[in-house]
Amino acid sequence: MDTSKARLTSGQFARLCDTTKETLRHYKDLGLLLPRIQGENGYFYYVPEQFYDFYAISIFRQTGTPLEEIRRCLRGREPAETLESLKKQRQRLERTRRELEGMDFVLSRTIENLELGEQTEWRVEKRYFEEEHLLALPVEELERRLDLGAGEDERLMEVLEQCRNLCRQYGLQTDHQLGAIHQGGQRPGEITHLYTRIKEGGRSPYYRRKPAGIYLYLCCRGRWDISEGHEALAQYIQQRGLETEGPFYACDLAGFILNGVEKNAMSMLSVLLRDGG
């Protein structure tokens with residue numbers, strides 16, 4: 001019996017660790033964290049410094065570290081082994097962080113898209129848009145890669161797969177939504193690239209930057225065919241004598257979340273105004 005150390009009941013120790021007695025009991029059953037002192041009354045007690053053991057176990061478990069590896073780390077106390085375990089844990093945390101960042105990027109951009117698509121419908125507006133990073137595949141190159149005999153849906157899925165594979169190859173995070181770049185001028189020309197947005201620029205040869213600035217844009221809702229939107233945007237530019245700069249962009253706002261039903265389809269056409277219009 002050790003009477004030199006402060007004793008904490010399971011309830012007191014649970015409060016110190018901001019956890020529950022059930023969690024402590026679970027760790028005890030697994031053999032990960034055992035009370036260190038047995039009192040004369042037969043009850044078991046924890047000591048304050050075991051807080052650090054609890055904290056380490058919690059982090060190890062959240063990062064998916066196997067139980068046996070946790071036991072070795074806590075029991076062995078060898079600096080080299082502990083260091084190696086911590087490095088593995090850091091790697092797991094980094095992978096988890098990247099996964100969470102990717103999910104946040106997809107969700108935040110999808111929310112922005114749907115809110116934008118709900119604001120206007122088949123009406124040309126002017127707005128400042130922040131810079132965007134794109135992974136843009138030349139149409140000529142895609143035509144060599146794709147099965148031209150496949151249906152439109154099959155080709156679309158092939159394009160998405162190509163984009164996803166390239167994002168994996170170059171470690172890029174994408175929102176998985178597709179768009180098209182059209183030749184510039186007074187009206188949208190032929191499609192030169194198909195693209196997906198990425199979180200940040202990379203070293204990929206397919207990287208392309210969509211500059212920040214004042215854009216004319218038109219949200220098309222309720223149909224997959226947006227050729228009418230192209231014509232409306234072109235007429236707006238010509239009738240007002242506006243000068244645009246760079247290509248036209250057509251992007252899907254609803255993605256595969258809503259586009260299974262045509263009435264839910266949302267797309268946006270945009271083009272940068274020269275000197276802000």
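Residues numbered from 1 in each chain as written. Predicted model: local features only at pLDDT ≥ 70, side-chain atom pairs only at ≥ 80, totals over all residues. Heavy atoms only, no water.

Comments concerning the overall build of the chain
Next up, step 1: Across its full length, the chain holds nine helices and 10 strands.
Next up, step 2: Over its C-alpha atoms the chain spans a radius of gyration of 28 Å, topping by over 25% the 19 Å that the globule rule assigns to 277 residues.
Next up, step 3: Counting only C-alpha atoms, the chain reaches 95 × 40 × 35 Å along its principal axes.
Next up, step 4: A burial count over the chain gives 40% of its 277 residues as buried. (Helix = DSSP H or I, 4+ residues; strand = E, 2+ residues; numbered from the N terminus. Rg over C-alpha atoms; globule rule 2.2 N^0.38 Å. Buried < 20%, exposed > 50% of the residue type's maximum accessible area, 1.4 Å probe, protein only.)

Observations concerning the pairing of strand β8 (residues 213-221)
The side chains of a regular strand alternate, residue by residue, between the two faces of the sheet.
Next up, step 1: The buried count for β8 comes to seven of nine residues, which makes it a mostly enclosed element.
Next up, step 2: For strand β3 (residues 124-129) and β8, the ladder comprises six bridges, and the chain directions are antiparallel. Pairing of Glu125 across the sheet is with Tyr217, part of β8.
Next up, step 3: Pairing between β8 and strand β10 (residues 266-273): seven bridges, direction antiparallel. Paired with Leu218 across the two strands is Leu269, which belongs to β10. (Pairing = 2+ DSSP bridges.)

A few points about the nonpolar core
Next up, step 1: Counting 16 residues, the largest nonpolar core has Tyr195 and Met268 as its most contacted members.
Next up, step 2: Broken down by secondary-structure element, the contributors of at least two residues to this core are β4 (132-138), β8, β9 (244-252) and β10.
Next up, step 3: Look past the residues within four positions of Met268 in its chain and what remains in contact with it is Leu116, Phe129, Tyr217, Leu218, Cys219, Tyr249, Ala250, Cys251 and Leu253.
Next up, step 4: With 15 residues, the next largest nonpolar core counts Phe13, Leu32, Leu33 and Ile57 among its residues. (Core = buried A, V, L, I, M, F, W, Y, C linked by side-chain atoms within 4.5 Å. Contact = heavy atoms within 4.5 Å.)

Brief notes about the pattern of salt bridges
Next up, step 1: In the structure shown here, the tally under the stated rule is 15 salt bridges.
Next up, step 2: Glu101 serves as the salt-bridge partner of Arg97, at 2.5 Å between the closest nitrogen and oxygen. Of the two residues, Arg97 and Glu101 both sit in helix α5 (residues 79-119), four residues apart, roughly one turn of that helix.
Next up, step 3: Among the residues examined, Arg97 registers a relative accessible area of 36% and is labelled partly exposed.
Next up, step 4: The closest approach of N and O atoms between Glu132 and Arg197, which form a salt bridge, is 3.4 Å. One end of the pair, Glu132, is in strand β4; the other, Arg197, is in strand β6 (residues 191-198), with 65 residues separating them in the sequence. Like Glu132, the residue Arg197 is buried in the burial classification. (Salt bridge = Lys/Arg side-chain N within 4 Å of Asp/Glu carboxyl O.)

Concerning helix α8 (residues 227-239)
Next up, step 1: In this model α8 runs 18 Å from its N-terminal to its C-terminal C-alpha over 13 residues, within 8% of the 18 Å that 1.5 Å per residue would give.
Next up, step 2: Considered for burial, the residues of α8 that qualify are Gly229, His230, Leu233, Ala234 and Ile237. In an axial view of α8, the angular spread of the buried residues amounts to 135°, which keeps them on one side of the axis.
Next up, step 3: In this structure, the buried residues of α8 make contact with β3, β5 (174-182), β8, β9 and β10.
Next up, step 4: Phi turns positive one or two residues past the end of α8, at Gly241, with a value near 60°. (Expected span 1.5 Å × (residues − 1). Arc of directions from axis to C-beta.)

Comments concerning the packing of aromatic side chains
Next up, step 1: Here the structure, examined in full by the defined rule, presents seven aromatic pairs.
Next up, step 2: Between the aromatic rings of Phe51 and Tyr55, the centroid separation amounts to 6.3 Å while the plane-to-plane angle is 15°, which identifies the pairing as stacked. With Phe51 and Tyr55 both in helix α3 (residues 50-62), this residue pair falls four residues apart, about one helical turn.
Next up, step 3: Ring centres 5.9 Å apart and planes at 80° place the aromatic pair Phe129 and Tyr215 in the edge-to-face group. With Phe129 in strand β3 and Tyr215 in strand β8, this pair connects stretches of sequence that are 86 residues apart. Like Tyr215, Phe129 is buried. (Phe/Tyr/Trp six-rings, centres within 6.5 Å; stacked < 30°, edge-to-face > 60°.)

A few points about unusual backbone geometry
Next up, step 1: Located in the positive-phi region is Asp18, a residue other than glycine, with phi close to 55°.
Next up, step 2: On the secondary structure map, Asp18 appears in the loop between α1 (10-16) and α2 (21-29).
Next up, step 3: Taking relative accessible area as the criterion, Asp18 reaches 72% and is therefore assigned exposed.
Next up, step 4: Positive phi values are uncommon outside glycine, yet His176 reaches one of about 70°.
Next up, step 5: As for its position among the elements, His176 is in strand β5.

Section: the sheet that holds strand β7 (residues 207-210)
Next up, step 1: The antiparallel open sheet is built from eight strands, whose spatial order is β3-β8-β10-β9-β5-β6-β4-β7. The sheet is open, and its two borders are formed by β3 and β7, each paired with just one other strand. If you compare each strand with its neighbour and ignore which way they point, the axes differ by 35° on average.
Next up, step 2: With four bridges joining them, β4 and β7 adopt antiparallel strand pairing. Looking at β7, one finds that His133 is bridged to Arg209.
Next up, step 3: Of the strands in this sheet, β3, β5, β8, β9 and β10 are in contact with α8, which crosses β8 at around 145°. (Axes fitted to C-alpha atoms, helices over the stretch in contact; angles between N-to-C directions.)

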